[in-house]
Amino acid sequence: MEMVECSLAASRAARPMPGRVPRSRAPVLGVGAERARLRVRSERREQPPPVVRASAPPERDGGALGKAAAGLAAAAVVSLTGFAVDFAPPPARAESLTVAFPVSKAREVNRVQRTLVEAWGLIRETFVDPTFNHQDWDQKLQQTMVEMFPLKSADAAYGKISGMVSTLGDPFTRIITPKEYQSFRIGSDGNLQGVGIFINRDPASGRLLVMNCIEGGPADRAGIREGDELVEINGNSVLGLDVEAVAQRLRGRAGTTVEVKLLDGTGNERSGRIKQKEVQLSREVINLSPLSTAIISHRSGDGHEGKTGYVRLAAFSQTAAAEMERAIKKMEDQGVQSYILDLRNNPGGLVTAGLDVAQIWLDGDETLVNTVDREGNVQAINMVQGQSLTHDPLVVLVNEESASASEILAGALHDNGRAILVGHKTFGKGRIQSVTELDDGSALFITVAKYLSPALHEIDHVGIQPDIQCTADTLSLPRAPSLTGNNEAASLEMDSCIMVAEQALEIQQSKGSAS
């Protein structure tokens, strides 16, 4: 049987865990000029890279493979380019492993065989659970390689890798194909090619509903509206697909088309008839700003007119911090005296962007977040000589769909005494992921650690509890409000959680003036 050797060498430098880094450091992920330095309270040294080889076919000598793998430390780049993505601790060693395996007769499957070994090695050395969900991870490679050998297509081979990864019991650790990764990177860059539609799954019914359409985009021009239910894409049902998989099917190269079928969310429920919409949409390059702002004018109890700056952040893209910095400076020039930062329905994004946004509001050497690695080591990530843009009173709005980077930001502002939290308990996604682009262009997402708030409060599966509750049935705004035209402030006035936030700000301001 023909054999091939696949080397996992330390050819790519591991990105260190961010700590107290000089302000002049290179920008992370292209986010604009950094406002402060970060510091992490621990260090790890890398040793010279010995080479370990295993030449026995995995289906005949799993023991030799296991021994060879024991020293592997995958030194792949931690590319912080995804949702709920950030810091991976650097490897303690930078070693190399060569794994021999039987060559598939299908060339495209053979390429994925190499990807399997690469992914397996990265997981082996960085996954947050060192027991790998209480299974023999070396044996899992052997089993998957045997199952992959007779396959004929790359898609089927990637399916085998996905199956192996799913046995870890962590839904956030996953592999995506090269095509899917390109789509993913477009979304995290803050620009995408698609139809300008936001979708989410209704937790009660499980239906995929339109949350919002980008004004003037293809979906908006075609008459698709919030509340419409998406049922088919290009004649294929979306039943059983997760939101990201659906989004990937809607995205594509500008100039191409996609056909969608929806159920009209404004249909006549009394008659029991729901109108269907079948539309062909042309994909376009869409500049996706995660930020929308408004100024709310109001009168205080003593008759003075005041201004509250409203900032809604929909996602933590590469441009989020830079856009927020510009928005806050502009509102400061306009005489804003207090702020509402709306993180409701923000599922996260680039954790580095979340930390950059936190530094817009905080001073000094505050802890922004704590991380806990697979050995249980806790590391505090601090600012260094931070200088906030404003010291005006701040309220942060959160709900059950505020997750990941949203929770890091909310926790940083709350635990450091900078903001009052209003709304609902957050989602509770307190896991840190690395995203590594593999040699074939696919990408591996790995949960490498968990994070705690600055006050060491658990976030994963727990969430962050707001200071003031605002119940869901009092919300009258859409899930993803579009703040455009002259109706911005008027539409915000209808949101009872905004009213609660304004009351909290008045109390903060009165305490400040009284002191």
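Anything mentioned here points back to the structure above.
Residues numbered from 1 in each chain as written. Predicted model: local features only at pLDDT ≥ 70, side-chain atom pairs only at ≥ 80, totals over all residues. Heavy atoms only, no water.

Participant: Could you give an account of the environment of glutamine 469, with specific residues and numbers?
Facilitator: Position of glutamine 469 among the secondary structure elements: in strand β23 (residues 468-469). Glutamine 469 sits in the partly exposed class, given a relative accessible area of 48%. Each C-alpha atom of the pair glutamine 469 and cysteine 497 lies 8.8 Å from the other, and the pair is 28 residues apart in sequence. Contacts of glutamine 469, omitting those with residues within four sequence positions, involve Gly423 and His424. A distance of 2.8 Å separates the side chain of glutamine 469 from the side chain of glutamine 465, its partner in a polar contact. (Helix = DSSP H or I, 4+ residues; strand = E, 2+ residues; numbered from the N terminus. Buried < 20%, exposed > 50% of the residue type's maximum accessible area, 1.4 Å probe, protein only. Contact = heavy atoms within 4.5 Å. Polar contact = N/O pair within 3.5 Å; in protein donor to acceptor, adjacent residues only side chain to side chain.)

Participant: Can you explain the nonpolar core? Please cite residues and give values.
Facilitator: In this structure, Ile123, Met324, Leu341, Trp361, Val396 and Leu413 are the most contacted members of the largest nonpolar core, which totals 73 residues. Element by element, the count of residues in this core is highest for helix α2 (residues 107-126), at 8 residues. Non-local contacts of tryptophan 361, meaning those with residues more than four positions away in its chain, are made with Met324, Ile328, Tyr339, Leu341, Ser388, Thr390, Leu394, Leu413 and Arg418. Ile197, Ile199, Val260 and Val279 belong to the second-largest nonpolar core, a separate cluster that totals 18 residues. (Core = buried A, V, L, I, M, F, W, Y, C linked by side-chain atoms within 4.5 Å.)

Participant: Outline the packing of aromatic side chains, listing residues and values.
Facilitator: Here the structure, examined in full by the defined rule, presents 2 aromatic pairs. A ring pair is formed by phenylalanine 132 and tryptophan 137, whose centres lie 5.6 Å apart and whose planes are at 15°; its orientation type is stacked. Tryptophan 137 carries the same exposure label as phenylalanine 132, and that label is buried. Their ring planes at 75° and their centres at 5.4 Å tell us that tyrosine 339 and tryptophan 361 sit as a pair that is edge-to-face. Within this pair, whereas tyrosine 339 is found in strand β16 (residues 338-342), its partner tryptophan 361 is found in helix α9 (residues 351-361), the two being separated by 22 residues in sequence. Owing to a relative accessible area of 1%, tryptophan 361 belongs among the buried residues under this scheme. A cation over an aromatic ring shows up here: arginine 174 above the ring of phenylalanine 445, its NZ or CZ 3.9 Å from the ring centre. (Phe/Tyr/Trp six-rings, centres within 6.5 Å; stacked < 30°, edge-to-face > 60°. Lys NZ or Arg CZ within 6 Å of the ring centre and 35° of its normal.)

Participant: If you had to explain the sheet that holds β16 to someone new, which residues and values would you point to?
Facilitator: Taken in spatial order, the 6 strands of this open sheet run β14-β15-β16-β19-β20-β23, and their pairing is mixed. The strands lining the two open edges of the sheet, one partner per strand, are β14 (291-299) and β23. Sheet topology places strand β19 (residues 394-398) next to strand β20 (residues 420-423); 4 bridges connect them, and they run parallel. Looking at the pairing, leucine 397 lines up with valine 422 of β20. Contacts from helix α10 (residues 405-415) reach β16, β19 and β20, with the element oriented near 145° to β19. (Pairing = 2+ DSSP bridges. Axes fitted to C-alpha atoms, helices over the stretch in contact; angles between N-to-C directions.)

Participant: Please give an account of α10 that cites residues and values.
Facilitator: Where burial is concerned, most of α10 is hidden: 9 out of the 11 residues are buried. Looking at α10, one finds that the buried residues are Ala405, Ser406, Glu407, Ile408, Leu409, Ala410, Gly411, Ala412 and Leu413. Along its buried surface, α10 packs onto β16, α9, β17 (367-372), β19, β20 and β22 (443-452). Looking one or two residues beyond α10, the residue adopting positive phi is glycine 417, at roughly 70°.

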